[in-house]
Number of protein chains: 2
Amino acid sequence: MKSSAWLDQIGGRLSDQLRFLLEADRLKGVIRLNHIADGSRRENTAEHSWHLALFAMVLQDYAVAPVDIWRVVQMLVLHDLVEIEAGDTPLHLTLTDHGQAAREQAAADILFGMLPADQGEAFRAIWEEFEAAESADARFAKACDRLQPILLNHVVGGGTWGVRPDFNIDMEKQLTRRIEHGSPTLWAAAEVVFADAVACGWLKPAPAPAAEG
Amino acid sequence: MKSSAWLDQIGGRLSDQLRFLLEADRLKGVIRLNHIADGSRRENTAEHSWHLALFAMVLQDYAVAPVDIWRVVQMLVLHDLVEIEAGDTPLHLTLTDHGQAAREQAAADILFGMLPADQGEAFRAIWEEFEAAESADARFAKACDRLQPILLNHVVGGGTWGVRPDFNIDMEKQLTRRIEHGSPTLWAAAEVVFADAVACGWLKPAPAPAAEG
């Protein structure tokens, strides 16, 4: 932005809201580990968020409990905004990256703080509910967020499943099992994808149990 | 996709829905004329659609008539899916590209036809309502769709305003005036942006009237 005099001229709530919407544009430059379906490049978080909104709209009938689909979609539109400040943390690092939550809370202070207070607080409450992953809405939103990269990894023939040499189907299931909390039907579908990926050699099978003594 | 045997194994509605969601991924590869806010590259239609959903959520109070914001956001998530088959038609070509509507109807047949019939028909009705631009919901959705590229053109110092050498503020206002039908407040803001862009030399002023004889 060369100057913000035009924003000052607009003034008031709308000025703050437009500044926020321009800042949010930076999500298009946050690059995720997985690729898009044609394999040509890695996915950015803005287009990922759009895809998840569509996932929720299409798959809503498979939620484990009745959901308010409008709340689910709001969660998915907002859920990764904090990555503008905090960056993307790939799923397989979330178990060991203990700074992630603090970075994302600080990012939420900055980003949602750009909006008029009432709106910023409402958006932040939706994002916090998603993060907590306890309500039926949040559990279904999380299920969509976990399922989408599984389909993309499969369609490109491995994707992030090959990033760590020791990574196998048991580890993948551990990272994505929360799909089951949001939708047992979608978890069953994910298990079909995992089995096919193992059969195709794109995901390592479970390690053999230690031989008996 | 190497094989769709896994989709056959899942079967039923869910199989068709997952196939549709993977096809929809192609929207990430449809490139628009305008750039993203940091000027580094052109915007794709998937991330544009995400940005518009956020615009609608943030700016809903400025709609000219009360809107069902959930319907507005559904329109914006779905509104450009047809570009997967029909491609993006830049706004300044829409007045002369008489094949666009037919291409997009054919694309809608293909894409929404991939879904279970009830769901495909529901989504198509939402998209048709957006295209007709008559309901309050559609008019506000269209206003967001027109406003966002104006802000992006301004922030990169001209953008698509410089594509045609004769393009000027009067022509831009003609192309975007439907913002006013969805939100007079947002149209007033757009006029501030246009005036600033002219002052900065990023958008040509209105041509001088012919001298009197």
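Cut-offs and rules
- Every chain's residues receive numbers from 1 upward, in the order its sequence appears when written.
- Whichever chain is written first is A, and whichever ligand is written first is 1; the rest continue in order.
- Thresholds applied to this predicted model are a pLDDT of at least 70 for local features of residues and 80 or more for the giving and counting of side-chain atom pairs; totals over whole chains, interfaces and linings are not thresholded and use all residues.
- Side-chain figures throughout are based on the complete set of non-hydrogen atoms in the structure, without hydrogens or water.
- Here the copies are superposed with least squares, the fitted atoms being C-alpha atoms of residues at a pLDDT of at least 70 in both.
- The contact definition used throughout considers only heavy atoms, calling two residues in contact when any of these lie within 4.5 Å.
- Strands are runs of DSSP state E lasting at least 2 residues, helices are runs of H or I lasting at least 4, and numbering of each runs from the N terminus.
- Here the expected span of a helix is defined as 1.5 Å times the quantity of residues minus one.
- Categorising residues by exposure relies on relative accessible area from a 1.4 Å probe, with only protein chains included: less than 20% of the type maximum marks a residue as buried, more than 50% marks it as exposed, and the intermediate range marks it as partly exposed.
- The arc refers to the directions leading from the helix axis to the C-beta atoms.
- Confidence of the predictor at the level of single residues is given by pLDDT, which spans 0 to 100.
- Interaxial angles span 0 to 180 degrees and are taken between N-to-C directions of axes, which are lines fitted to C-alpha atoms, for helices over the stretch in contact.
- Should an angle fall under 35 degrees it is taken as roughly parallel, and over 145 as roughly antiparallel, whereas 65 to 115 is taken as roughly perpendicular and any remaining angle as oblique.
- Whether a crossing is left-handed or right-handed is set by the direction in which the near helix is turned from the far one by less than a right angle, anticlockwise for left-handed and clockwise for right-handed.
- Three residue categories are used. Nonpolar comprises Ala, Val, Leu, Ile, Met, Phe, Trp, Tyr, Cys and Pro, charged comprises Asp, Glu, Lys and Arg, and polar comprises the others, including Gly.
- Stacked, edge-to-face and tilted are the three classes for Phe, Tyr and Trp ring pairs, Trp counted by its six-membered ring, which pair at centre distances within 6.5 Å; planes under 30 degrees apart are stacked, over 60 edge-to-face, the rest tilted.
- Simply put, the buried area is the total loss of 1.4 Å probe accessible area from both parts when two parts are fitted together.
- Salt bridges are identified by distance alone: a Lys or Arg side-chain nitrogen within 4 Å of an Asp or Glu carboxyl oxygen.
- Each polar contact in these results corresponds to two N or O atoms within 3.5 Å; when the atoms are within protein, one needs to be able to donate a hydrogen and the other to accept it, and residues that are neighboring in sequence are counted only if both atoms are side-chain atoms.

**Observations regarding the relation of the copies chain A and chain B**
The transform that puts chain A on chain B rotates by 180° and translates by 0.0 Å along the axis, for an RMSD of 0.0 Å. Considering both components of the superposition, the chain copies are consistent with a two-fold axis. In this assembly the copies share their binding face: 100% of the residues contributing to the interface of chain A also contribute to that of chain B.

**Considerations on helix α7 (residues 117–132) of chain B**
Note on helix geometry: an α-helix contains 3.6 residues per turn, so any two residues three or four positions apart are oriented the same way. All names here are of chain B. In a regular helix each residue adds 1.5 Å, so 16 residues correspond to 22 Å; α7 covers 22 Å between its end C-alpha atoms and thus fits that length. Listed in full, the buried residues belonging to α7 are Gln119, Gly120, Phe123, Arg124, Ile126, Trp127 and Phe130. End-on, the buried residues of α7 take up no more than an arc of 155°, which puts them together on one face. Residues of α7 that are exposed and angled more than 90 degrees away from the buried face: Ala117 and Glu121.

**So, helix α8 (residues 136–155) of chain A**
Residues and elements named next belong to chain A. Given a rise of 1.5 Å per residue, 20 residues ought to cover 28 Å, and the 29 Å separating the end C-alpha atoms of α8 matches this to within 8%. For α8, the tally of buried residues reaches 18 of 20 residues, placing the bulk of the element in the interior. Trailing α8 by a residue or two, Gly157 shows a phi angle of about 80°, which is positive.

**Thoughts on the confidence of the model for chain A**
Where the model shows low pLDDT, its predicted coordinates should not be examined in detail. In this model, chain A carries an average pLDDT of 94, and 97% of its residues clear a pLDDT of 70 or more. Both scores are given for the predicted complex: the pTM is 0.95, the ipTM 0.95.

**Quick notes on the packing of helix α6 (residues 100–112) of chain B against α7(B)**
All names here are of chain B. Orientation of α6 relative to α7, taken along the N-to-C sense of each, is 155°, at an axis distance of 10 Å. In this view, α6 runs roughly antiparallel relative to α7, as classed from their interaxial angle. As for the relative orientation of α6 and α7, their crossing is right-handed in sense. In this structure, α6 uses Glu104, Gln105, Ala108, Asp109 and Phe112 to contact α7, whose residues at the interface are Gly120, Phe123, Arg124, Trp127, Glu128 and Glu131. Among the residues forming the contact of α6 with α7, the class breakdown is four nonpolar, two polar and five charged.

**Some details on the packing of aromatic side chains**
All told, the structure shown has seven aromatic pairs over all chains when counted by the stated rule. Here the aromatic rings of B:Phe112 and B:Trp127 are separated by 6.3 Å at their centres, their planes lie at 45°, and the arrangement is tilted. One end of the pair, B:Phe112, is in helix α6; the other, B:Trp127, is in helix α7, with 15 residues separating them in the sequence. The buried category is assigned to B:Phe112, whose relative accessible area is 4%. Linked through ring pairs, A:Trp161, A:Trp187 and A:Phe194 together constitute an aromatic cluster.

**Some details on the interface of chain A and chain B**
When the parts of a complex come together, some accessible area is lost, and that lost area is often used as the size of the interface. Listed by partner, the interface residues are 59 residues for chain A and 60 residues for chain B. Summed over both partners, the interface of chain A with chain B comes to about 5,100 Å²; 75% of that surface belongs to carbon and sulfur atoms. A per-residue breakdown of the area chain A buries against chain B is headed by A:Lys28, A:Trp50 and A:Trp70, which together make up 15% of the total. B:Glu43 is the partner of A:Lys28 in a salt bridge, and the nearest nitrogen-oxygen pair spans 2.7 Å. Linking chain A to chain B there are 24 residue pairs in polar contact (both at pLDDT 80 or more). Contributions of two or more residues to the side of chain A that touches chain B are made by α1 (5–10), α2 (12–24), β2 (42–44), α3 (45–59), α4 (69–78), α7 (117–132), α8 and α11 (184–200) of chain A. For the side of chain A that touches chain B, the leading source of residues is α3(A), giving 11 residues.

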